[in-house]
Amino acid sequence: MKKHLIELVDVNKKFDSNFILHNINLYIEKNEFLTLLGPSGCGKTTTLRIIGGFENPTSGDLLFRGKSILKLPPYKRQVNTVFQKYALFPNMNVFDNIAFGLKIRKISGDIIRQKVKAMLKLVNLSGFEKRNVNFLSGGQQQRIAIARALVNEPEVLLLDEPLGALDLKLRKEMQIELKNMQQKLGITFVYVTHDQEEALSMSDTIAVMNNGVIQQIGTPQDIYNEPKNSFVADFIGESNIIDGVMLKDFEVEFAGKKFECVDKGFNTNEKVDVVIRPEDILILPENIGKINGKVENVTFKGVHYEMLVRQENYLWKIHSTVMSLAGSIVSLKIMPDLIHIMRKES
Amino acid sequence: MKKVFLYSYILWMIIFIVIPIILVGYFAFTQSENGVVFFTLENFRRVFEFVYIKVLLRSINLALICTLICFLIGYPVAYIMADKNFHFSSTLLFLFLVPMWMNMLLRTYAWLTILEKNGIINSCLALLGFSKINLLYTNQTIVLGMVYNFLPFMILPIHTSLKKINYSAIEAAQDLGADSFTTFRKIIFPLSLPAVCSGITMVFMPAVTTFIVPNLLGGGKFMLIGNLIEQQFLRIADWHFGCAVSLILMAVIFFAAIIFSFVDTDDEGGNLF
Ligand SMILES: Nc1ncnc2c1ncn2[C@@H]1O[C@H](COP(=O)(O)OP(=O)(O)O)[C@@H](O)[C@H]1O
Ligand SMILES: [Mg+2]
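Quantities reported herein were computed from a predicted structural model and do not represent experimental measurements.

How each quantity is defined
Residues numbered from 1 in each chain as written. Chains lettered and ligands numbered in written order. Predicted model: local features only at pLDDT ≥ 70, side-chain atom pairs only at ≥ 80, totals over all residues. Heavy atoms only, no water. Donors = N, O, S within 2.8 Å, 3.2 Å for Na, K, Ca; no water. Helix = DSSP H or I, 4+ residues; strand = E, 2+ residues; numbered from the N terminus. Buried < 20%, exposed > 50% of the residue type's maximum accessible area, 1.4 Å probe, protein only. Axes fitted to C-alpha atoms, helices over the stretch in contact; angles between N-to-C directions. Parallel < 35°, antiparallel > 145°, perpendicular 65-115°, else oblique. Contact = heavy atoms within 4.5 Å. Domains from an automatic or database assignment. Buried area = accessible area lost by both parts, 1.4 Å probe. Salt bridge = Lys/Arg side-chain N within 4 Å of Asp/Glu carboxyl O. Polar contact = N/O pair within 3.5 Å; in protein donor to acceptor, adjacent residues only side chain to side chain. Nonpolar A, V, L, I, M, F, W, Y, C, P; charged D, E, K, R; others polar.

Engineer: Explain the coordination of the magnesium ion (ligand 2) to me, using residue names and the numbers behind them.
Structural biologist: All names here are of chain A. Within the first shell, the magnesium ion (ligand 2) binds the protein through Thr-45 (OG1) and Gln-84 (OE1), at distances of 2.0 to 2.6 Å. Taken together, the residues span a long stretch of sequence, with Thr-45 in helix α1 (residues 44-52) and Gln-84 in the loop between β6 (79-82) and α2 (94-104) at a distance of 39 residues. According to the relative accessible area criterion, Thr-45 is partly exposed, its value standing at 27%.

Engineer: A description of the packing of helix α5 (residues 104-115) of chain B against helix α6 (residues 120-127) of chain B should follow, citing residues and the corresponding values.
Structural biologist: Residue and element names in this part refer to chain B. Where α5 meets α6, the axes come as close as 4 Å, and the angle between the chain directions of the two elements is 15 degrees. One way to sum up the angle between α5 and α6 is to call them roughly parallel. Taking contact as the criterion, the partners of Thr-113, Ile-114 and Leu-115 in α5 are, on α6, Ile-120, Ile-121 and Asn-122.

Engineer: Tell me what's going on with the domain arrangement of chain A, and back it up with residues and numbers.
Structural biologist: All names here are of chain A. Partitioning chain A into domains gives domain 1 (6-232) and domain 2 (238-343). Listed as interface residues are 8 residues of domain 1 and, on the opposing side, 7 residues of domain 2. The largest contributions to the domain 1 side of the interface with domain 2 come from Tyr-224, Pro-227 and Ser-230, which together make up 71% of the buried area. For the interface between domain 1 and domain 2, the tally reads 0 salt bridges. Run the count over domain 1 and domain 2 and you get 3 residue pairs in polar contact (both at pLDDT 80 or more). The residue makeup of the side of domain 1 that touches domain 2, split by class, is 3 nonpolar, 3 polar and 2 charged.

Engineer: Could you give an account of the pattern of salt bridges, naming the residues involved and the relevant values?
Structural biologist: Evaluation of the coordinates by the stated rule reveals 22 salt bridges over all chains. The closest approach of N and O atoms between A:Glu270 and A:Arg343, which form a salt bridge, is 3.4 Å. Taken together, the positions of A:Glu270 in strand β14 (residues 270-276) and A:Arg343 in strand β20 (residues 340-343) put the pair 73 residues apart, joining distant regions of the chain. Accessibility expressed as a relative area gives 46% for A:Arg343, which makes it partly exposed. Of the charged contacts in the structure, one is a salt bridge between B:Arg46 and B:Asp238, with a shortest N-O distance of 3.3 Å. Residue B:Arg46 is found in helix α2 (residues 42-47), and its partner B:Asp238 is found in the loop between α11 (225-234) and α12 (239-263); the two are separated by 192 residues along the sequence.

Engineer: With reference to specific residues and values, describe unusual backbone geometry.
Structural biologist: For residues that are not glycine, phi is negative in most cases, and the peptide bond is trans in most cases. All names here are of chain A. For Asp-16, which is not glycine, the phi dihedral falls at a positive 55 degrees. With respect to the helices and strands, Asp-16 occurs in the loop between β1 (6-15) and β2 (18-28). A relative accessible area of 77% means that Asp-16 is categorised as exposed.

Structure representation (structure tokens):
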């Protein structure tokens, strides 16, 4: 059997008497960019802290190359962490912060200076060596924290929302920069974010979490195109989620109409969630598509327009590069393969 | 409104700090004979006579020993109390603070009843069949009394600063490969250093000036600079010489404080300078 680099086996975590993580099973391969994605409070940081050695799971095991490392203290694990709150050393300047790990490994002064300099260049903070870290902006501190971890070229790097404090432009730049570095240095990244766009654009694999449970693990394409349940569908990109009934294989009823679809294997008349992406709905003139409705609201979103179309008590969200006039009556058309049917969560 | 407070503060400073210091200076640099007051440096020359210098040096010596012991006891205590897994830290802190609510004279008297010839310790020894030992009126007793009285001044600032350390910085150090000792040496201790300096200053100052402790526990046998000053004012009534000694003592404390304020870069107050 092939050994995974890191493996979480049936990990549970309780704080006081609340279960924060339920049966987490996760494999991380060498050189993989794995993202834990989920809303705030779903247990992403806790999962990362278990891998880093700062929390012990209540039950379950953590394997590194097939061997349990639960007993290893953090300083003996071959992982480095970029902490969510930066956690820089306030008694040291930028240089000493970044050099900390190298100095502990007794690397020679010249090499340390070279590496720190190269790292600072990478995070766009050249010449900041002597600066007091307490007077840097949040974004600068965050980049120092990234540099401090990355300079050690660890086998695994854990990153807890490392770009959270950056403005949009810098965030996009750093996303590309981090991805490049990950590929160039061959470091395994375990990346935590609540930003689905960031997760989709950077990851090899995404694990979507909610309430301490992994909802779905897969490639960004899988997760986006084939969300396993309505939570994933809703969290990854925007979605229209409607109650429906599966009449028989390949036929579903929702919004008062019958639709052809590509799903099967449900019980007859089983209640389901129907998920349709806003960009998968076509707006046509009245009475041509199956559903008629009135355009209530139009917003320009940069590349596309977002139209809210009211059909009785349901409000459809539609993205299109073509604008419809607010107040006009239109019809909506959905192709069978763009209708995603999901079992209701019990 | 702010100005009113500012001015009343300045007024307070003038009445209770500046004027007394001017008076001390006035007395220190003068002598009076038959009601005639004249300028002189004679008082200062007398301070530098051997007997008095010996007293000054002994005071500094005992105060330094006291400060060192306070640090050696106080730092570990503060460290243990700041540990987030230590559940009795508030109880312990309370126990250290309670004696401070009591008058220092009383606190020190309490030690007399413990240490004196027929005191608690000797009674216990006698009960166990040992011969009585002399515990009072030694340098060690004085240092004991000082440490007892001033230890909280060392513990409190260090405890506060250790509590304030962001725990994630400690985790970050461990994450980067530092074991507990390295983490302490490179992160925890440097971050508490300003508080250590405050503690040292706050223990050293009262220790070097105290006269209650040597009076009671030293039995007046070991004169320290505090006793010397007290004597000049209350017994001999030589205010001129008393003021000169006070000024010299102030200079000593001033220099000690300056030395520590160099190390002390914490700008959040709680320090002398
Ligand atoms: N040390 C702790 N003690 C008690 N509860 C905690 C602790 N750490 C985290 N939690 C709780 O665990 C849940 C998950 O937290 P966290 O892993 O930080 O979520 P995320 O990083 O996904 O936002 C939250 O409800 C949080 O309140
Ligand atoms: Mg978090």
